[in-house]
Amino acid sequence: MIKKVLRSILRIKENETVADGIERHYYHFEKKIPYRKISREELGQYLDEIGVKKGDVLIVHASWRALYMLDMCPEDVIRLLLDKIGKEEGTLLMPAYGEDNSSFDLNKTKSVAGVLSESLRNYPGTMRSCFPKFSMCGYGKHAEEILSKHKNSLYQFDENSPYSIATKEYNAKVLLMGMGKRPHKITVFHCASYALKNSIDYYNECYSNYKTAYVLSDVGGGTVQYLDRMPGYNNNKHVFKKLFESIPNKDIMSKKRLNLIIFNAIDAYNVAWEFCKNGGKIYTK
């Protein structure tokens, strides 16, 4: 009842959580306070300072709403990221999941993972993994090797997923842009918990929800079966934030309202794996 009243008062959109709606209002208010835009050159300098380098395999999670201070369009940001890691040397990866998990068209399903994600999906030469839930798009040297096995996955974050492969085989870095100073949307944590599915009852029960989806790829279409979390196993934001705080060697930068965070994906994976292995539960149930 309280949530319904709050949603009505704050005019929360149908596809928004209350937290996302509050965040939208916050940035709408913050933009009214005078500020100076961040130029392409300045953002490039910040990326250099935080440790983005040529040859990086870079997984980017971004909130375009929180990047309002950039004097750039989404396509400009994609081009800058590719310039920094090298279009020939590096690999840029972003989540590119669709809105409807029961139907997925590899080439036509729009990414609802954010404005930057959709911009990368449409960037010439970008590839996309073929999985009905939590697909990933990528551009660059290792994109095909990282993305191509996702079609063999049973679960979106299993050993064949690009999230797991980039983390374990390509020493990927994770760059968070505008995701806050204590983020809770860190996909590699799910890779770690799923890896313990067969050894810990809690995660075995969690990952036991079989679903079907229609998938249309370049070689044709058909119904596939995939695994999802059981109802009630929702991300525990408090735990995710605590795990984030435990990631070693991360760099956090705040410049002119812009928040950037970078860390090695394997460090985040190891933190979550140890937590789950020792009885920790990353979901609410």
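Anything mentioned here points back to the structure above.
Since the model is a prediction, treat every value here as computed from it, not as a measurement.

Looking at the overall build of the protein
Here's step 1: For the protein, the count of helices and strands is eleven helices and ten strands.
Here's step 2: Over its C-alpha atoms the protein spans a radius of gyration of 19 Å, differing by no more than 12% from the 19 Å that the globule rule assigns to 285 residues.
Here's step 3: Dimensions of the protein, computed from C-alpha atoms along their principal axes, come out at roughly 50 × 50 × 40 Å.
Here's step 4: When the accessible area of the protein is evaluated, it comes to approximately 14000 Å², of which 49% is carbon and sulfur surface.
Here's step 5: Separation between the mean location of the 43 positive side-chain charges and that of the 33 negative ones in the protein comes to 6 Å.

Let's talk about the sheet that holds strand 8 (residues 220-228)
Here's step 1: Read across the open sheet, the three strands follow the order 3-7-8; overall the sheet is mixed. Pairing within the sheet leaves two strands with one partner each, and these edge strands are strand 3 (103-105) and strand 8. On average, each strand axis in the sheet is tilted by 30° relative to the strand beside it, whichever way the strands run.
Here's step 2: Pairing geometry for strand 7 (residues 209-217) and strand 8, over nine bridges, is antiparallel.

Side note on the packing of aromatic side chains
Here's step 1: Applying the stated rule across the entire model yields 17 aromatic pairs.
Here's step 2: Where phenylalanine 134 meets phenylalanine 157, the ring centres are 5.0 Å apart and the plane angle is 55°; that geometry is what we call tilted. You can see phenylalanine 134 sitting in the loop between strand 4 (127-128) and strand 5 (136-140) and its partner phenylalanine 157 sitting in the loop between helix 6 (143-147) and helix 7 (162-169), a full 23 residues away along the chain.
Here's step 3: An aromatic cluster of three or more residues is present, and its members are Tyr97, Phe134, Tyr155, Phe157, Tyr163, Tyr194, Tyr202, Tyr203, Tyr207, Tyr233 and Tyr283.
Here's step 4: It is lysine 250 that lies over the ring of phenylalanine 244; its NZ or CZ is 5.2 Å from the centre.

So, the packing of helix 3 (residues 40-50) against helix 4 (residues 74-85)
Here's step 1: The contact between helix 3 and helix 4 brings their axes to 11 Å, and the two run at 40°. In terms of orientation, helix 3 and helix 4 fall into the oblique class. For the element pair helix 3 and helix 4, the recorded crossing hand is right-handed. The segment helix 3 lies against helix 4, with Arg40, Leu43, Gly44, Leu47 and Asp48 engaging Arg79, Leu80, Leu81, Asp83 and Lys84.
Here's step 2: Here the contact of helix 3 with helix 4 is composed, by residue class, of four nonpolar, one polar and five charged.

Let's talk about the pattern of salt bridges
Where charged atoms from two side chains of opposite charge approach closely, those side chains can pair.
Here's step 1: Under the definition given, this model contains twelve salt bridges.
Here's step 2: Put simply, lysine 133 and aspartate 228 hold a salt bridge, and the shortest N to O gap is 2.6 Å. Taken together, the residues span a long stretch of sequence, with lysine 133 in the loop between strand 4 and strand 5 and aspartate 228 in strand 8 at a distance of 95 residues.
Here's step 3: A residue is classified by how much of its surface remains accessible, and lysine 133, at 16% relative accessible area, is buried.
Here's step 4: The exposure class assigned to aspartate 228 is buried, which follows from its relative accessible area of 3%.
Here's step 5: Each of Arg36, Glu42 and Lys256 takes part in a single network of salt bridges with overlapping partners.

Side note on the side chain of glutamate 42
Here's step 1: You can see glutamate 42 is positioned in helix 3.
Here's step 2: Owing to a relative accessible area of 15%, glutamate 42 belongs among the buried residues under this scheme.
Here's step 3: The contact partners of glutamate 42, leaving out residues within four places of it in the chain, are Arg36, Lys37 and Lys256.

Reading the values: the criteria
- Residues numbered from 1 in each chain as written.
- Predicted model: local features only at pLDDT ≥ 70, side-chain atom pairs only at ≥ 80, totals over all residues.
- Heavy atoms only, no water.
- Helix = DSSP H or I, 4+ residues; strand = E, 2+ residues; numbered from the N terminus.
- Rg over C-alpha atoms; globule rule 2.2 N^0.38 Å.
- Areas by Shrake-Rupley, 256 points an atom, 1.4 Å probe, with all protein chains shown as cover.
- Lys, Arg positive; Asp, Glu negative; His and termini not counted.
- Charge placed at Lys NZ, Arg CZ, Asp CG, Glu CD.
- Pairing = 2+ DSSP bridges.
- Axes fitted to C-alpha atoms, helices over the stretch in contact; angles between N-to-C directions.
- Phe/Tyr/Trp six-rings, centres within 6.5 Å; stacked < 30°, edge-to-face > 60°.
- Lys NZ or Arg CZ within 6 Å of the ring centre and 35° of its normal.
- Parallel < 35°, antiparallel > 145°, perpendicular 65-115°, else oblique.
- Left-handed = near helix turned anticlockwise from the far one by under 90°.
- Contact = heavy atoms within 4.5 Å.
- Nonpolar A, V, L, I, M, F, W, Y, C, P; charged D, E, K, R; others polar.
- Salt bridge = Lys/Arg side-chain N within 4 Å of Asp/Glu carboxyl O.
- Buried < 20%, exposed > 50% of the residue type's maximum accessible area, 1.4 Å probe, protein only.

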